[in-house]
Amino acid sequence: MSHNPPSNARIREEHLLINHRLSLSAAYMGIQYIGRHAADCPFTVTQHTLDALFSVFETARFKKAKQAFFLYHEAACTLVDMGRSMENDITRTIVPKLVSLLMKSSGNQLRALSQAVGRLADNRPTQNIPFVPNNIMPLDIDFACLAEKITTTGERLSPDRQQWTWKGRSLIVRAAAKILAVIKFATTKDNIREIHQEAVWMDWFSKNTLDSDNHIPKPVCIQGRYLFNITNELPQGGPETLYGSVCIVFIPCPGYYEYPNLKGADWEQIKSSFFKSALALGKLSSQGLFHTALIPLFHNRVQQDRRNDNGRYLWEHAGRLDQWLDSSRFPNFAASGLRDFEHMACQAKPLDLEHYTGEYLLSFILVAGSCFRNKAPHRRGTDDTCPYVDTRDLFCPDLFEVLLTGVCEHYFKGLTNSETFNPALLNIPALIENLIEKMGLDEHMQETLRVQDQLAMDDEQFQNFLTDRGVTSIPVKGEEEIILFTGPHLGGFNQSISIPELIDFLFKFSAFCVAACFLKKHHCTRNLSPG
């Protein structure tokens, strides 16, 4: 490792950057040269080196260039690589300064800085995570055997005794008003492993408590198995999408089906559901564990089978968000805390922490919006007096701010085990104003069913798809694009999200959290602030 002074060539590149003498492509190559030289000779990094790299963000001459993002990203990643070492007083200033710059940035600069800072994450999964085997064989079982596990008196369970209620793909077993158990069925062959994973994670959480406020259902285990195949005929009224009778069974905890956005929900209970779940997600994230579907988020549901990303929403791309109100109907958090653990996953790459932090905040914001909209669920879409329904009067800015601020604080506390988060960094009141303006007006209701998507369906799928969306006169398949009214969406079809300020907020908060984790791990006492 060299302790020699920086080379004359590198000093020249640094001067050219500081004095803004380079074109975009020359600046890009200069940054790469500085980065390679600094990596080979880290002790030659000086304050002059940092000033040169930060100067790229200080000039306005590149902001409107088509390739500006790549220039900013290269400069930010070079700084992050230098700052990761934390070897001396000079490099220890880099991460706090990047965060300070990020908090004041927007557009390509913000995206580049946030994604570079996201690379600092090193929350490797905890060592004792559960193992979920492949190709597990379900245990054949009838309702009589189940009764011994899910009733205290061992009374006979019979589908004829009005104890059975279908709730989606789950069969709820009741005794009077009490829920005895939930039998959750697989919907596809691949889903068999997913529901088995859910039972395994339930068992793991029972031994690795999140916190006293989050309650976890108890999975039923018989002969060492969580996965069953019901041999009886199932009660009438179930969905047609079940994959046979393969299922898991669990004893739900109080509040498991008490969603925070149900009409008439108490605001104290709503806050409790949001805050305890945010705290739990922060704690899981600190261990490299993520819930990958707090709510179902899509850019385009129609193209789930045709796109490489399955139509799932990637907030970093800032695209239109599909059917936000429908996505929020049944969130995977409730009065009991987090739920639906089939979606648990371990960190696969460093950027996972930044991505899921942003996805969690986006999900909480959408569910919070639905809490207000669900006070009058009939007010939706269009009416006779205006081209779109205006529901902004249903929102309370102060309550919305309390919810979002509390979620940020609790997630940050769970992630960093620190209570030093300052919500003033993010200007939440201004974001709330923009959220209400767009979430309260159903401006974007249309969706286009493209010809290629129609041709990808068989005739039965095509007809069912349209009738499910209210179409009464079925057109000829594949002749022309079909306009459907399926909103509200956040953004027009094939366009950007209608609340760009929301994406900026996600970039800032997620990068801030990653940086705070990094600095805490390296025992750095420097504050992260916008100044």
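Located above this text is the structure these notes cover.
Residues numbered from 1 in each chain as written. Predicted model: local features only at pLDDT ≥ 70, side-chain atom pairs only at ≥ 80, totals over all residues. Heavy atoms only, no water.

Another point: the state of the cysteines. In this structure the tally under the stated criterion is 0 disulfides. Not engaged in a disulfide, the cysteine Cys 371 finds its nearest cysteine sulfur in Cys 396; these two sulfurs lie 12 Å apart. When its relative accessible area of 9% is taken as the criterion, Cys 371 is described as buried. The thiol of Cys 513 is unpaired, and the distance to the nearest cysteine sulfur, on Cys 517, comes to 6.9 Å. (Disulfide = S-S within 2.5 Å. Buried < 20%, exposed > 50% of the residue type's maximum accessible area, 1.4 Å probe, protein only.)

Moving on to the packing of aromatic side chains. Remark: the centre distance and the inter-plane angle together describe each pair of aromatic rings, the angle taken between the planes. Counted according to the given criterion, the structure contains 28 aromatic pairs. Pairing Tyr 256 with Tyr 257 gives two aromatic rings, centres 5.2 Å apart and planes at 90°, and the pair type is edge-to-face. For the pair Tyr 256 and Tyr 257, one class covers both residues: buried. Aromatic side chains Tyr 360 and Tyr 411 sit 6.0 Å apart centroid to centroid with 65° between the ring planes, which places their arrangement in the edge-to-face category. Separated by 51 residues along the polypeptide, Tyr 360 in helix 11 (residues 352-373) and Tyr 411 in helix 12 (residues 397-416) bring together distant segments of the chain. Accessibility expressed as a relative area gives 1% for Tyr 360, which makes it buried. Through a chain of ring-to-ring contacts, the aromatic side chains of Phe 290, Tyr 356, Tyr 360, Tyr 411, Phe 412, Phe 421, Phe 505, Phe 509 and Phe 512 assemble into a single cluster. The ring of Phe 69 carries the charged tip of Arg 111 above its face, separated from the ring centre by 4.3 Å. Residue placement shows Arg 339 over the ring face of Tyr 256; its charged tip is 4.2 Å from the ring centre. (Phe/Tyr/Trp six-rings, centres within 6.5 Å; stacked < 30°, edge-to-face > 60°. Helix = DSSP H or I, 4+ residues; strand = E, 2+ residues; numbered from the N terminus. Lys NZ or Arg CZ within 6 Å of the ring centre and 35° of its normal.)

Right, let's get into the side chain of Gln 109. Mapping Gln 109 onto the fold places it in helix 6 (residues 107-118). Overall, the relative accessible area of 7% leaves Gln 109 in the buried class. Side-chain polar atoms of Gln 109 contact the backbone oxygen of Phe 57, separated by 3.0 Å. In contact with Gln 109, other than residues within four places in its own chain, are Phe 57, Lys 63 and Tyr 72. (Polar contact = N/O pair within 3.5 Å; in protein donor to acceptor, adjacent residues only side chain to side chain. Contact = heavy atoms within 4.5 Å.)

Take the pairing of strand 3 (residues 170-175) next. The pairing of strand 2 (residues 164-167) with strand 3 spans 4 bridges and is antiparallel. Counterpart to Thr 165 in the pairing with strand 3 is Ile 172. Between strand 2 and strand 3, which follow one another and run antiparallel, lie 2 residues, and Gly 168 among them has a positive phi close to 65°. Note: strand 3 against strand 4 (residues 178-185), 6 bridges, orientation antiparallel. Each bridged residue has a counterpart across the sheet, and for Leu 171 the counterpart in strand 4 is Ile 183. Remark: 2 residues form the turn of the hairpin made by strand 3 and strand 4, two consecutive strands paired antiparallel; Ala 176 in that turn has positive phi of roughly 60°. (Pairing = 2+ DSSP bridges.)

Below, the discussion takes up the environment of Pro 217. Within the fold, Pro 217 resides in the loop between helix 8 (189-207) and strand 5 (218-219). Placed 12 residues apart in sequence, Pro 217 and Phe 205 show a C-alpha to C-alpha distance of 9.3 Å. When residues no more than four places from it in sequence are discounted, the contact partners of Pro 217 are Met 202, Phe 250, Ile 251, Pro 252, Cys 253, Tyr 256 and Phe 341.

So, about helix 6. Spanning 12 residues, helix 6 covers 17 Å between terminal C-alpha atoms, matching the ideal 16 Å at 1.5 Å per step. Burial analysis of helix 6 places 9 of its 12 residues in the buried class, which makes it a mostly covered element. Those residues of helix 6 not exposed but buried are Gln 109, Leu 110, Ala 112, Leu 113, Ser 114, Gln 115, Ala 116, Val 117 and Gly 118. At its buried positions, helix 6 is contacted by helix 3 (47-58), helix 4 (68-83), helix 5 (94-103), helix 11 and helix 16 (500-521). (Expected span 1.5 Å × (residues − 1).)

Before going further, it helps to spend a moment on the packing of helix 12 against helix 16. Two numbers describe a pair of packed helices, the interaxial angle and the distance between the axes. It is at 10 Å that the axes of helix 12 and helix 16 come closest, and there the two elements cross at 25°. When the axis of helix 12 is compared with that of helix 16, the two are roughly parallel. Crossing angle aside, the handedness with which helix 12 passes helix 16 is right-handed. Two secondary-structure elements touch here, helix 12 through Leu 404, Cys 408, Tyr 411, Phe 412, Leu 415 and Thr 416 and helix 16 through Phe 505, Phe 509, Phe 512, Cys 513, Ala 516, Cys 517 and Lys 520. Partitioning the contact of helix 12 with helix 16 into residue classes produces 11 nonpolar, 1 polar and 1 charged. (Axes fitted to C-alpha atoms, helices over the stretch in contact; angles between N-to-C directions. Parallel < 35°, antiparallel > 145°, perpendicular 65-115°, else oblique. Left-handed = near helix turned anticlockwise from the far one by under 90°. Nonpolar A, V, L, I, M, F, W, Y, C, P; charged D, E, K, R; others polar.)

In this section: the nonpolar core. Side chains of nonpolar character tend, in soluble globular proteins, to be buried together. Of all hydrophobic cores here, the largest spans 133 residues; its most connected members are Phe 274, Phe 400 and Phe 505. When residues of this core are assigned to their parent elements, the largest contribution, 15 residues, is made by helix 16. Residue contacts for Phe 274: discarding those within four places in its chain leaves Pro 260, Phe 333, Phe 364, Val 367, Ala 368, Cys 371, Leu 403 and Val 407. (Core = buried A, V, L, I, M, F, W, Y, C linked by side-chain atoms within 4.5 Å.)

Counting through the fold element by element, Gln 163 comes out in the loop between helix 7 (143-150) and strand 2. Since its relative accessible area comes to 8%, Gln 163 is described here as buried. Gln 163 sits 17 residues away from Leu 180 along the chain, and the two C-alpha atoms are 9.4 Å apart.

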